[in-house]
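# Survey of secondary and tertiary structure
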Amino acid sequence: MSTDTPFVSDIERQRARSGISADFYAKALEASKEFRREYPERKNVVKHSEMPMERSADGLIKHIINEGMNTKECAIDIYMQFIAANKATGTSRHLTEEVAFVIEGKGYDLHYDVKFRCEEAFVWEWDTEPKKFEWGPGDFIYIPPYCAHKRFNTDPENEARVVVINSRMMRAIGFDWFDQLEPAEGFEDLWVPPAD
């Protein structure tokens, strides 16, 4: 269907060139230039002594790779969970997939699968009955996107150690949805309840 009315009028053409006030493009070019300048100085190897420990709402963790650690890795975060004997992590959910590798210990994960639909806004619905996945040394654990999950150490005497890997990519494209639904026992002082 054709029309005699132009898509852009003369008035809009004049407006498009007036009031120039943004410099977003120039700042992006400068940020990229600075990133490339400092990138060669970033770490290729992180020594075990340089990996900081953190008391978190999900329990005790040791950061192996994190965007705050000035490494050349720019897409994933890796940390080790330390789960005390007969204890558990908190319950969390995040829009990124998570993979975990059990170094030592035995236990299980509870996964509350999520369903969603997109109406005027996203509508999320989590299962009320979790799926249980048992794990032990050398096992690989997969946690789907936005699945609420909690990890339990069933050994009554020994700590479990699990290496956890998450992608930063979802956050980078605007889906920084990450909630700690409940804290790990003994770490309640660090818990920030979710907004919804």
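Residues numbered from 1 in each chain as written. Predicted model: local features only at pLDDT ≥ 70, side-chain atom pairs only at ≥ 80, totals over all residues. Heavy atoms only, no water.

This structure, assessed with the given rule, holds 15 salt bridges. For the salt bridge of Lys43 with Glu50, the shortest nitrogen-to-oxygen distance reads 3.8 Å. Look at Glu50 and you get partly exposed, because its relative accessible area is 35%. With a shortest N-O distance of 2.8 Å, Glu182 and Lys150 are connected by a salt bridge. Here the residue Glu182 occupies a position in strand S13 (residues 178–182), and Lys150 occupies one in strand S11 (residues 148–153), the gap between them amounting to 32 residues. (Salt bridge = Lys/Arg side-chain N within 4 Å of Asp/Glu carboxyl O. Buried < 20%, exposed > 50% of the residue type's maximum accessible area, 1.4 Å probe, protein only. Helix = DSSP H or I, 4+ residues; strand = E, 2+ residues; numbered from the N terminus.)

It is worth spelling out the environment of Glu185 at this point. Note that Glu185 resides in the segment after S13. Taking C-alpha positions, Glu185 is 57 Å from Ala16, a pair spaced 169 residues apart along the chain. One polar contact links Glu185 to Lys87, side chain to side chain, over a distance of 2.9 Å. (Polar contact = N/O pair within 3.5 Å; in protein donor to acceptor, adjacent residues only side chain to side chain.)

Moving on, we get to the pairing of strand S2 (residues 59–65). Counting buried positions along S2 gives six out of seven residues, so the element sits mostly inside the fold. The sheet contact formed by strand S1 (residues 53–56) and S2 spans four bridges and is antiparallel. Bridged to Met53 within S2 is Lys62. Counting the residues in the hairpin turn of S1 and S2 gives two residues. (Pairing = 2+ DSSP bridges.)

If you look at the biggest cluster of nonpolar residues, it comprises 12 residues: Ile61, Tyr79, Ile83, Ala100, Val102, Trp135, Ile141, Ile143, Cys147, Ala160, Val162 and Val164. Those elements giving two or more residues to this core turn out to be strand S3 (76–83), strand S5 (98–104), strand S10 (140–143) and strand S12 (160–167). If you tally residues by element for this core, the top one is S12, at three residues. Counting nine residues, the second-largest nonpolar core is a separate cluster that includes Val46, Met51, Ile65 and Met80. (Core = buried A, V, L, I, M, F, W, Y, C linked by side-chain atoms within 4.5 Å.)

Once that is clear, we can look at the packing of aromatic side chains. This structure, assessed with the given rule, holds five aromatic pairs. Taking the centre distance of 4.6 Å and the plane angle of 15° together, the rings of Tyr108 and Phe152 count as stacked. Here Tyr108 is found in strand S6 (residues 107–112), whereas its partner Phe152 is found in strand S11, with 44 residues between them in sequence. With a centroid separation of 5.3 Å and 65° between ring planes, the pair formed by Trp126 and Tyr146 is classed as edge-to-face. In this pair, Trp126 is assigned in strand S8 (residues 122–126) and Tyr146 in the loop between S10 and S11, connecting sequence segments 20 residues apart. Using a relative accessible area of 25% as the deciding quantity, one classes Trp126 as partly exposed. A network of ring pairs unites the aromatic residues Trp126, Tyr146, Phe175 and Trp177 as a single cluster. The ring of Trp126 has Arg93 sitting right over it, with the charged end atom 4.1 Å from the ring centre. (Phe/Tyr/Trp six-rings, centres within 6.5 Å; stacked < 30°, edge-to-face > 60°. Lys NZ or Arg CZ within 6 Å of the ring centre and 35° of its normal.)

Keep in mind these numbers describe shape, not what the thing actually does.
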